[in-house]
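The chain contents come next:
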Amino acid sequence: MALTQARTMPGVLELLPLDQVAFQAMLDAIRRNFERFGFLPIETPVMEYSNVLLTKQGGETERQVYFVQSTGALQAAREGEVPELALRFDLTVPLARYVAEHEHELAFPFRRYQMQRVYRGERAQRGRFREFYQCDIDVIGKDGLSVRYDAELPAVIYNVFRDLDIGPFTIQLNNRKLMRGFLERLGLSDAERQGAVLREVDKLDKRGLDAVRNTLTGDGFGIDAAAVAQLLDFVGFRSRSLAEALARLDVLGGGNAALEQGREELAEVLTLIRAFGVPESHYALNLSIARGLDYYTGTVYETTLNDHPQIGSICSGGRYENLASHYTKSKLPGVGISIGATRLYWQLREAGLLKAAHSTVQALVAQMDEAELPRYLELATELRAAGINTEAVVEPGKLARQFKYADRAGIRFVLVLGPDEIAKGTVTVKDLRKQDQFEVTRNELAATLRVEIEQAAVMPSR
RNA sequence: GUGGACGUAGCUCAGCUGGUUAGAGUACUGGAUUGUGAUUCCAGUUGUCGUGGGUUCGAGUCCCAUCGUCCACCCCA
């Protein structure tokens, strides 16, 4: 019989168990910090009604969305009709729907976190996925929302990445109003054109100064060289300290309301971030950060690893003035930030920044003598009661095989209980990671293992 | 969505201008005497050379098609 090739579609990340443990540890760290800052969990369905999801017709999102159709509906559907359901492509649009739907049951400011998979029908490439986890936090206000929240989110992000222990990183900030005001002062007032210019400026780090200058002065944009020079000089700024950032904002000069407001907001946010406990070394003003998404209206964020700029942004977000205008007449401003956990994990693994993964199974009770199986099971039960994740070997086999199994499965401790140990009332503990073994009495066993495990948790070995 | 490269064991690849039964490393399996993995030594298994057609005495190698994968752009986590 012909076999079907077992395979997954491109652009999905499927992990072996030990890698999955590492990935979940990452999610745990993210969740822990989200909760520590007082964010509440929600989950929304992977599928939404197409008309809810695709409120703004056309454009990138529609090109990338996966449609879903039940078999019955598929047959009934007429040619060219949009299927009734679609997979969510981010968590922000479902959040908007959720807030509009439950508006009268929620407490505002509504602080929620959400860690779920989203789907994008992109052509898969290195580090780009069709199915991936997003870990989002947003604060949604009713009618208004203080800009102070814009300073709180970087504090959460700082704590997350510090916990993940992946090396030095910088949260980079900018403000859309400031950019809009500046472009207006240069004579660029058309919103669409401004967006295109900002997207181009955003590529500064990737394409280089000359390429961006040529594009902006070229036929497509046709901006005069003097204005482009002014613009590039402006966006080239990166602060190295809070004082430097504030000084730069001071000398910007005024000219219009948007620029003034952007300046004030940025100054307040930058100053408050410090008060929220983020060291100055971990955030900066970067006037080239623009974010492509056009729903951002104020503060925008991007986070990068200092030693691995090629990885790009590992966490992005910003301020939006009206989250759910498509679903409710209420004005719901918000600020949010998103960690692409799947890409982050993948990039960290590629860059060799992940610590060695260990099994969630902490101890394996070996089977020396099949007749003693009840004794082994009893030992395992005892360890589990003491909070140690324990597996007992239930099939008879050579001891060497059992050790090999433990090694491959990433289990750290193998417990040997043979005739000698039974006679003495002890257990032999082999620590596969330390390549060492010792003997303890049976009543000391659980406590001894716990000490070893806790030490490893404090100082993880690689 | 637009443009470009590449498809040979599970993985990484070699295979010179077409020439015998298609190779290496790694992985995997077994063994190296009685209760010890990873390291070392020995032995072994693994392939419709992506698929279909064509040229040729002869195709992994050349040509065409097709499918698949990857890369760049677009966009983004």
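Whatever comes next refers back to the structure up there.
If you're wondering where the values come from, they're calculated on a predicted model, not measured in any experiment. (Residues numbered from 1 in each chain as written. Chains lettered and ligands numbered in written order. Predicted model: local features only at pLDDT ≥ 70, side-chain atom pairs only at ≥ 80, totals over all residues. Heavy atoms only, no water.)

**Student:** For this particular structure, what's the right way to read the packing of aromatic side chains?
**Tutor:** Within a pair of aromatic rings, the relevant descriptors are the distance that separates the centres and the angle that separates the planes. Inspection of every chain in the model, using the stated rule, returns 10 aromatic pairs. With centroids separated by 6.1 Å and ring planes inclined at 75°, the aromatic side chains of Phe 129 and Trp 346 adopt a geometry described as edge-to-face. Here the residue Phe 129 occupies a position in the loop between strand S5 (110-119) and strand S6 (131-140), and Trp 346 occupies one in helix H14 (residues 341-350), the gap between them amounting to 217 residues. Look at Trp 346 and you get buried, because its relative accessible area is 14%. It is Arg 111 that lies over the ring of Phe 39; its NZ or CZ is 4.4 Å from the centre. (Phe/Tyr/Trp six-rings, centres within 6.5 Å; stacked < 30°, edge-to-face > 60°. Helix = DSSP H or I, 4+ residues; strand = E, 2+ residues; numbered from the N terminus. Buried < 20%, exposed > 50% of the residue type's maximum accessible area, 1.4 Å probe, protein only. Lys NZ or Arg CZ within 6 Å of the ring centre and 35° of its normal.)

**Student:** In this structure, what is going on with the pattern of salt bridges? I would like to understand it.
**Tutor:** Opposite charge on two side chains permits them to pair, given that their charged atoms come into close proximity. All chains considered together, the criterion is met by 22 salt bridges. Among the ionic pairs, Glu 321 bridges to Arg 319, the shortest N-O distance being 3.7 Å. A relative accessible area of 26% means that Glu 321 is categorised as partly exposed. Two residues, Glu 439 and Lys 424, come together in a salt bridge whose shortest N-O distance is 2.9 Å. Taken together, the residues span a long stretch of sequence, with Glu 439 in strand S16 (residues 436-441) and Lys 424 in helix H17 (residues 419-424) at a distance of 15 residues. (Salt bridge = Lys/Arg side-chain N within 4 Å of Asp/Glu carboxyl O.)

**Student:** Is there a simple way to explain the nonpolar core in this structure?
**Tutor:** It is characteristic of soluble globular proteins that their nonpolar side chains tend to be buried jointly. Ranked by size, the top nonpolar core spans 76 residues in total, and within it Phe 34, Phe 161, Val 197, Leu 270 and Ile 339 carry the most contacts. Considering every element that reaches this core, the biggest residue donor is helix H6 (residues 149-164), with nine residues. In this structure, Val 197 is in contact with Leu 183, Leu 188, Leu 216, Phe 221, Ile 223 and Leu 231, ignoring residues within four places of it in sequence. (Core = buried A, V, L, I, M, F, W, Y, C linked by side-chain atoms within 4.5 Å. Contact = heavy atoms within 4.5 Å.)

**Student:** What exactly am I supposed to notice about the side chain of Gln 116 here?
**Tutor:** Relative to the elements of secondary structure, Gln 116 occurs in strand S5. The exposure class assigned to Gln 116 is buried, which follows from its relative accessible area of 9%. Within the local environment of Gln 116, its side chain forms a polar contact with the side chain of Glu 43, the two groups lying 3.4 Å apart. At 2.8 Å, the side chain of Gln 116 forms a polar contact with the backbone nitrogen of Thr 44. Apart from residues lying up to four places away in sequence, Gln 116 is in contact with Ile 42, Glu 43, Thr 44, Arg 88, Leu 91, Phe 132, Tyr 133 and Gln 134. (Polar contact = N/O pair within 3.5 Å; in protein donor to acceptor, adjacent residues only side chain to side chain.)

**Student:** I'm lost on the sheet that holds strand S3 (residues 67-68) in this one. Help?
**Tutor:** Strand-to-strand pairing in sheets goes through backbone hydrogen bonds, with the strands running parallel or antiparallel. Spatial ordering of the open sheet is given by S2-S4-S3, a layout of three strands whose pairing is antiparallel. The open sheet has two free edges, formed respectively by strand S2 (47-49) and S3, since each of these has just one partner strand. As defined by bridge partners, S2 adjoins strand S4 (residues 85-87) across three bridges and the pair is classed as antiparallel. Its bridge partner being in S4, Tyr 49 is matched across the sheet by Leu 85. (Pairing = 2+ DSSP bridges.)

**Student:** Mind showing me how you'd approach the state of the cysteines here?
**Tutor:** One way to say it: the disulfide is the covalent bond shared by the sulfur atoms of two cysteines. Taken as a whole, this structure holds zero disulfides when the rule is applied. Not part of a disulfide, Cys 135 finds its nearest cysteine sulfur in Cys 315, a span of 9.6 Å. In this structure Cys 315 comes out as buried when scored by relative accessible area, which is 1%. (Disulfide = S-S within 2.5 Å.)

**Student:** Please clarify how the pairing of strand S9 (residues 299-305) should be interpreted in this entry.
**Tutor:** Strand residues, when the strand is regular, have side chains that alternate between the two faces of the sheet. Counted residue by residue, S9 has seven buried out of seven residues, so it is predominantly covered. The pairing of strand S7 (residues 169-175) with S9 spans seven bridges and is classified as antiparallel. The residue of S9 that forms the bridge with Asn 175 is Thr 299. Strand direction decides the pairing type here: S9 and strand S10 (residues 315-320), joined by four bridges, are antiparallel. Following the sheet pairing, Thr 303 is matched in S10 by Cys 315.

**Student:** I'm lost on the packing of helix H1 (residues 17-36) against H6 in this one. Help?
**Tutor:** Two numbers describe a pair of packed helices, the interaxial angle and the distance between the axes. The contact between H1 and H6 brings their axes to 9 Å, and the two run at 145°. In this structure, the crossing between H1 and H6 has a hand that is right-handed. Only Val 156, Asn 159, Val 160, Asp 163 and Leu 164 of H6 make contact with H1, whose side of the interface consists of Met 26, Ala 29, Ile 30, Arg 32, Asn 33 and Phe 34. Its residues assigned to classes, the contact of H1 with H6 shows seven nonpolar, two polar and two charged. (Axes fitted to C-alpha atoms, helices over the stretch in contact; angles between N-to-C directions. Left-handed = near helix turned anticlockwise from the far one by under 90°. Nonpolar A, V, L, I, M, F, W, Y, C, P; charged D, E, K, R; others polar.)

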